Amino acid sequence: MIAETEDRKLDPAVALPAIDESAPREPHRQFALKHEDCFIVSDSYGDIRGTGDGLFRDDTRVLSRFRLFIGGRIPSLLGASLSQDNILFTANLTNLATTGPDGRETLPGVVHVERTRFIWQNRMFERVTFTNYSGREVLLPVRFDFDADFRDMFEVRGTTRSRRGHAHDALIGEASVTFRYEGLDNLARQSNISFSTRPDQIQSNHAVFFIVVGRRDAMALFVEVGHDEEAPSSDRFRAAAARARFAMRSKRRQGATVFSSGRVFNDWLTRTRADIALLTTDLETGPYPYAGIPWFSTAFGRDGVISALQMLWLNPALARGVLAFLARHQSTETSTFDDSEPGKIMHETRKGEMAVLRELPFGRYYGGVDTTPLYVYLACSYADRTADELFVNRMWDSLCAAVGWIEDVGTRNGEGFVTYSRAADTGLFNQGWKDSADAIFHADGTIPRGPIALVEVQGYAFAAYQGMAALAARRGDPVKAARWSALAESIRNAVERHFWMPDQNFYALAIDGEGKQCAVRASNAGHLLYVGLASAERASSIAEQLFSGHLNSGWGVRTLADDEVPFNPMSYHNGSIWPHDTAICAAGLARYQERAGVVRLMSSMFEAAVRFNMRLPELFCGFTRAIGDAPVAYPVACLPQAWSAGSAFMMLQACLGIRIDGWNRAIEVDRPRLPIGIDNIVIRHLAVGEAKVDLTFERVGDHIVCYLDERHEGLVPLLVRS
């Protein structure tokens, strides 16, 4: 029987230790686990302290505090880690000196405490194992503190609400506590915390256990947090963990795999692949890489498209899933609140209370100027990679609608530029990938008036027109092919006329609503190289400056040159380093045959990843690298982040110079290079049409040779230019 708000009492003669929360937190060592639309972020101790961390389900925090104390004290941290497959988080702790209720003291460092946790099917499973290494039995006062505030994700991020729904009193059971919240959206949300052993005391915000562990013995306590009450046990823990690992193994095996001669390099690629698998959610339309944890664990248009482009050569199924989802949610109407127009592709979707109530526009929001041309470019790239004509045929109406939106926006100015200005004050002020309010500016730092034409967005539109022209020609529609080809050349010429800064030999960041250049040198220009818009001469100038000390910190390409007025290496977009941005620049440089520079950039990113525990964060600070230094973390960066993880494979493709020609069922390799310190790379099970092949790159003297496994000789043409 569960009694509402009735606390069970200990013997009043038993004194509970006071809580000491003085131990410092490690702000940059947080650990994330995820399964589908549920994720958890905790610190190295395994604790949730209620700042930006917590257990989240459908954009709502359902566990805002979850802390472990032994003898009223925070245990001493020995170490924390994630399993290689991203399924299990483990914190290794030990006790400080404690005094039990019997008055006996337990010496510090004699009990090993291991917290092992995973997420499966909207539920957190945790096992806490206490192992006694002392010569006598110990009695440990163990306390869990917990709470559930049911805050919307945007509240957790700092948005203030004028009113909230109703939080009910906690329901207290024999070995469980249930929190309930009735939202303003009339949705009842619930969170239950259950223990495998009945606590000696249980109240609405904590549970206390007096745990007896024999000499050289161990005991385990199991905890589950979910929507409803279950009885945690060893069997449930093992069975759910096995299912979680099997599901993750299936995700990690999708597409081709990469192995190299470098052990540490392999560790990076393995962790990166596991991060992409962790963030990939199986939707009705197929796999979709959610953007990042904690703030962006949902489907984002731009992030999903770029992540799919990064992985396209290895796993085209990811691109297919992204395209199918975005096509399903393509806008068919005009809404200033949602920033939507017919044909436009979604920027972001959310499921939380604030989105449902339309307190914010992000339930399904279309305020991204680059997502639509990127969507078209991805579809065309997917077609070239796979020759999947049936899928392209199903997508054709959606692609035509998207290109129609690009054309329509282009008619609003005299040059065909794709521009933005937010439709409502609730939307995003800036709508490119650099979407913070101060990310677009003039050379003197002033904020330009809209509509704004970003330089990279014009490149994406150019690529979209080119790709659609090629697809139309294949479909036997020369009229549309000619029209889109002409639009591609028109926008190319307009970019070269209006964005080029002859005094700086660089492309301007943007053109404002008055036709004036935002005459700043930023990484955005590197994206023009990625799509092949720039002339060879101008690309050479861009490359030289991307490699210069003003833009290249030694760890990667800065978002802004360090001699520009608003430069700040600690800012979000104005001088920091974003791995996906560096990777796009690297892919662009490779397109213009700057292979040696690409190898150096990949080496810098790899060395940064090593110092970030094999994970590239969403971004990090743009301080200049010095001998012996480590890259400086950005304090609230998402980790993991899909397009940061995928950047490793985009840069590797740029080094190897590899392209899969789906229409001709062939592999093309152009002037391959291997990363520094790597003597060979093997790509296994690479899909080319119906075949799957193994491809090897090997360093022989000063040359890189490339060959197919002999089992596949003659089945798939391999064209190598050295």
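Attention here is on the structure that accompanies the text. (Residues numbered from 1 in each chain as written. Predicted model: local features only at pLDDT ≥ 70, side-chain atom pairs only at ≥ 80, totals over all residues. Heavy atoms only, no water.)

Description of the overall build of the protein
So, point 1. The helix and strand inventory of the protein stands at 15 helices and 36 strands.
So, point 2. Over its C-alpha trace the protein gives a radius of gyration of 27 Å, about what one expects of a compact globule, namely 27 Å for 722 residues.
So, point 3. In terms of overall dimensions, the protein has C-alpha extents of about 85 × 60 × 50 Å along its principal axes.
So, point 4. Buried residues in the protein amount to 60% of all 722 residues.
So, point 5. Residue pairs in contact within the protein that sit at least 24 positions apart in sequence constitute 65% of those at least 6 positions apart.
So, point 6. Carbon together with sulfur atoms contributes 49% to the accessible area of the protein, which is approximately 27,300 Å² in total. (Helix = DSSP H or I, 4+ residues; strand = E, 2+ residues; numbered from the N terminus. Rg over C-alpha atoms; globule rule 2.2 N^0.38 Å. Buried < 20%, exposed > 50% of the residue type's maximum accessible area, 1.4 Å probe, protein only. Contact = heavy atoms within 4.5 Å. Areas by Shrake-Rupley, 256 points an atom, 1.4 Å probe, with all protein chains shown as cover.)

Examining the nonpolar core
So, point 1. Counting residues in hydrophobic clusters, the biggest one holds 157 residues, and the most contacted among them are W268, Y507, I658, I667, I683 and F697.
So, point 2. Top contributing element to this core by residue count: helix α9 (residues 455-474), with twelve residues.
So, point 3. Look past the residues within four positions of I667 in its chain and what remains in contact with it is I658, R659, I660, L686, V688, V693, L695, L708, V716, P717, L718 and L719.
So, point 4. Residues L33, V113, F195 and V223 belong to the second largest nonpolar core, which totals 47 residues. (Core = buried A, V, L, I, M, F, W, Y, C linked by side-chain atoms within 4.5 Å.)

Re the packing of helix α7 (residues 371-386) against α9
So, point 1. Between α7 and α9, whose axes approach to 8 Å, the crossing angle comes to 40°. The orientation of α7 relative to α9 falls into the category oblique. Here α7 and α9 pass one another in a crossing that is left-handed. Residues P373, L374, V376, Y377, C380 and A383 of α7 touch α9, and the partners they reach there are Y460, A461, A463, A464, G467, M468 and L471.
So, point 2. Here the contact of α7 with α9 is composed, by residue class, of twelve nonpolar, one polar and no charged. (Axes fitted to C-alpha atoms, helices over the stretch in contact; angles between N-to-C directions. Parallel < 35°, antiparallel > 145°, perpendicular 65-115°, else oblique. Left-handed = near helix turned anticlockwise from the far one by under 90°. Nonpolar A, V, L, I, M, F, W, Y, C, P; charged D, E, K, R; others polar.)

Here we look at the sheet that holds strand β31 (residues 658-661)
So, point 1. Taken together, three strands build an open sheet; the order of strands is β31-β32-β36 and the sheet is mixed. The open sheet has two free edges, formed respectively by β31 and β36 (718-721), since each of these has just one partner strand. Neighbour-to-neighbour, the strand axes of the sheet open up by a mean angle of 15°, direction not taken into account.
So, point 2. Across four bridges, the pairing between strand β32 (residues 666-670) and β36 is parallel. Across the sheet, residue I667 finds its bridge partner in β36, namely L718. (Pairing = 2+ DSSP bridges.)

Looking at the pairing of strand β13 (residues 138-147)
The side chains of a regular strand alternate, residue by residue, between the two faces of the sheet.
So, point 1. Of all ten residues making up β13, nine are buried, and the element is well covered by its neighbours.
So, point 2. Relative to β13, strand β6 (residues 65-70) runs antiparallel, the two being bridged by six bridges. Counted as the bridge partner of R65 is D147 from β13.
So, point 3. Examined bridge by bridge, β13 and strand β19 (residues 206-213) share eight bridges and lie antiparallel to one another. Bridge assignment links D145 to a residue of β19, and that residue is H206.

Let's talk about helix α15 (residues 642-656)
Helical periodicity: at 3.6 residues per turn, an α-helix aligns residues three or four positions apart in one direction.
So, point 1. Taking 1.5 Å of rise per residue, 15 residues should cover 21 Å, and α15 covers 22 Å from first to last C-alpha, within 8% of that figure.
So, point 2. A648 marks the point of greatest bend in α15, at about 25°.
So, point 3. By the criterion of burial, α15 is predominantly enclosed, with 14 of the 15 residues buried.
So, point 4. One or two steps after α15, the chain reaches G657, where phi turns positive at roughly 65°. (Expected span 1.5 Å × (residues − 1). Bend = angle between axes of the 7 residues up to and from the residue.)

What to know about the pattern of salt bridges
So, point 1. Scanning the model with the defined rule gives 47 salt bridges in all.
So, point 2. R161 is paired through a salt bridge with E359; the nearest N and O atoms lie 2.7 Å apart. Separated by 198 residues along the polypeptide, R161 in the loop between α1 (153-156) and β14 (166-167) and E359 in the loop between α6 (353-356) and β25 (364-365) bring together distant segments of the chain.
So, point 3. Residue class for R161 comes out buried when judged on its relative accessible area of 11%.
So, point 4. Residue class for E359 comes out partly exposed when judged on its relative accessible area of 33%. (Salt bridge = Lys/Arg side-chain N within 4 Å of Asp/Glu carboxyl O.)

Observations concerning the pairing of strand β11 (residues 111-119)
So, point 1. Of all the nine residues making up β11, seven are buried; the element is thus mostly covered by neighbouring parts of the structure.
So, point 2. Of the strand pairs in this sheet, strand β8 (residues 89-94) and β11 are connected by six bridges, and their pairing is antiparallel. When the bridges of β11 are listed, N92 appears paired with E114.
So, point 3. Here β11 pairs with strand β12 (residues 124-132) via nine bridges, running antiparallel. Looking at β12, one finds that V113 is bridged to F130.

As far as function goes, none of this settles anything; it's purely spatial.
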